[in-house]
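A structural walkthrough
Here is what each chain is made of, one letter per residue.
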Amino acid sequence: MNMMKAVLLDKITDGKDITLAECTVPEVKPGWVLIKVKAFGLNHSEQILRHSEINAPYIQKPVIPGIECTGEVADPSDTDLKTGQKVIALMGGMGRSFNGSYAEYALLPRRIVFAVNSDLPWEALGAVPETYFTAWGSLFECLHLKREDTLLIRGATCALGYAAMQISKALGCRVIATTHKESKLTLIAEADEAVIDDGRLTGKLHGVTKALDLIGPRSLKDTLTAVEKGGIVCQTGILGGVYALNGFDPIKDIPNGVYLTGFFSNYPTQQIIDEIFAFLNEHHLVPKSGKVFDFENIREAVIAQDEGKVNGKIVVYI
Ligand SMILES: NC(=O)c1ccc[n+]([C@@H]2O[C@H](COP(=O)([O-])OP(=O)(O)OC[C@H]3O[C@@H](n4cnc5c(N)ncnc54)[C@H](OP(=O)(O)O)[C@@H]3O)[C@@H](O)[C@H]2O)c1
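Residues numbered from 1 in each chain as written. Predicted model: local features only at pLDDT ≥ 70, side-chain atom pairs only at ≥ 80, totals over all residues.

Glancing now at the domain arrangement of the protein. Domain assignment breaks the protein into domain 1 (3–128 + 287–317) and domain 2 (134–262). Distance between the C-alpha centres of domain 1 and domain 2: 28 Å. Contacts between the two partners involve 4 residues from domain 1 and, on the opposite side, 6 residues from domain 2. Of the residues in the side of domain 1 that touches domain 2, the class split is no nonpolar, 2 polar and 2 charged. (Domains from an automatic or database assignment. Contact = placed C-beta atoms within 7 Å. Nonpolar A, V, L, I, M, F, W, Y, C, P; charged D, E, K, R; others polar.)

With that settled, consider the site of the ligand. Taken together, 26 residues sit near the ligand, with C158, A159, L160, G237 and S265 positioned nearest. Elements with a minimum of two residues in the shell around the ligand: α1 (44–51), α3 (129–142) and α4 (159–171). With 3 residues, α3 is the largest single contributor of residues to the shell around the ligand. When the residues that make up the shell around the ligand are grouped by side-chain class, the tally is 9 nonpolar, 14 polar and 3 charged. Counting contributing residues, the shell around the ligand receives three or more from each of domain 1 (3–128 + 287–317) and domain 2 (134–262). (Near = placed C-beta within 6 Å. Helix = DSSP H or I, 4+ residues; strand = E, 2+ residues; numbered from the N terminus.)

Let us look at the environment of V292. Residue position: V292 is located in strand β14 (residues 291–294). Exposure remark for V292: the 21 C-beta atoms within 10 Å place this residue in the buried category. Note: C-alpha distance between V292 and F40 (252 residues apart in sequence) is 9.8 Å. Residues in contact with V292, not counting those within four places in the same chain, are E123, V315 and Y317. (Buried ≥ 20, exposed ≤ 12 C-beta atoms within 10 Å, placed from the backbone.)

One can describe the packing of α3 onto α4 by two numbers: an axis separation of 9 Å at closest approach and a directional angle of 55 degrees. Considered as vectors, α3 and α4 are oriented oblique to each other. Crossing angle aside, the handedness with which α3 passes α4 is right-handed. Touching T131, Y132, T134, A135, W136, S138 and L139 of α3 are A159, L160, A163, A164, I167 and S168, all from α4. Residue classes in the contact of α3 with α4 are distributed as 9 nonpolar, 4 polar and no charged. (Axes fitted to C-alpha atoms, helices over the stretch in contact; angles between N-to-C directions. Parallel < 35°, antiparallel > 145°, perpendicular 65-115°, else oblique. Left-handed = near helix turned anticlockwise from the far one by under 90°.)

So, on to helix α7 (residues 270–282). The terminal C-alpha atoms of α7, which comprises 13 residues, lie 18 Å apart, in line with the 18 Å expected from a rise of 1.5 Å per residue. Buried residues of α7: I273, I276, F277 and L280, and no others. One side of α7 holds all its buried residues, which, seen down the axis, span an arc of 90 degrees. Among the exposed residues of α7, those pointing more than 90 degrees away from its buried face are Q271, A278 and E282. Just downstream of α7 lies H284, where phi reads positive at about 50 degrees. (Expected span 1.5 Å × (residues − 1). Arc of directions from axis to C-beta.)

Moving on, we get to unusual backbone geometry. Going from K61 to P62, the amide bond is cis rather than trans, its omega being -5 degrees. Following the sequence through the fold, P62 ends up in the loop between α1 and β4 (68–75). For S77, which is not a glycine, the phi torsion comes out positive at approximately 55 degrees. Relative to the helices and strands, S77 resides in the loop between β4 and β5 (86–90). Here S77 falls in the partly exposed class, since 16 other C-beta atoms lie within 10 Å of it. A positive phi angle, close to 50 degrees, is found at H144, a residue other than glycine. When you line up the elements, H144 lands in the loop between α3 and β8 (150–154). Note on H144: 13 C-beta atoms within 10 Å, which makes it partly exposed.

Let us look at the pairing of β8. The buried count for β8 comes to 5 of 5 residues, which makes it a mostly enclosed element. Neither face of β8 is left uncovered, since the one carrying T150, L152 and R154 and the one carrying L151 and I153 both have all their residues buried. Pairing geometry for β8 and strand β9 (residues 174–179), over 4 bridges, is parallel. Across the sheet, the residue bridging to L152 is I176, located in β9. Crossover β8 to β9 through α4 is right-handed. Direction of pairing for β8 relative to strand β11 (residues 210–213): parallel, over a ladder of 4 bridges. Looking at the pairing, L152 lines up with A211 of β11. (Pairing = 2+ DSSP bridges. Right-handed = clockwise from strand over helix to strand, strands pointing away.)

In structure tokens:
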């Protein structure tokens, strides 16, 4: 029987309690692709899974966490993919309702596996799937971002914020980025304006036509009043720790002529993945990561995530 190493969760788990277990390499089945995982990024949502969501009934237990990965097709099963093909995979229930990527192999449904044509090293590719797909969808599908826009990125000191900043700057936008920590202003110096967010931005910014809110319901009402008339606000992150807004009154809380949208990364497509890699290639962008850990050191990677010590995407390399 072929064995592999993986992280298995069945209860609320602190970073320091993460271990690598031995388990069997999953057997392929029709419509599912076996991937030899080369690198994967850590995500805030996996932290939420470890800290609380693991108890939800829709979570398979034990579960191998990990909502994204990059690697090579080890066995395409009956799909159109080829053995050895370079792929990325993300979301669609990965690491929640079926096993995810914190493993040497992942068996994933074909619908969330996408071919990639890229010479980027695995460690750089590992920073792409969830973060760049979410940044791309928020900026283009939701905010209809154009070169002439002034984009506010609220809560920019996270992997998603750094990716959104890189993409929007490459596009040619004027970017205003915020952090709630003065010590982190230098990390968002790539923006045209780096601003401290004390919870109230309304009246302090000028000319904001698009806003990507990564803090979430905690700051949403203020973001809606911080943009110009005709502006669009995209609610994508929940870094503020508030997940839903009770008592939200759309008539009064959304200013006249301001538009509110939200992005959910659950529906990736090959077309969007191709667009992202074409953009990265065209603008010679190397996807940003904060720190790369070896798979053997996954515990340290997860502890670093819990301690918030890494600025940017944590990538694990196998
Ligand atoms: N809608 C979707 O489909 C989707 C997809 C992906 C991610 N997301 C969400 O997008 C957000 C960013 O995800 P990520 O994976 O890029 O996160 P991440 O890299 O893990 O970022 C975590 C960091 O955000 C920083 N942060 C900035 N402002 C903060 C604030 N006001 N409160 C708390 N922390 C703050 C924290 O550092 P400092 O406090 O030191 O600055 C923390 O270390 C998360 O809320 C995630 O759930 C949503």
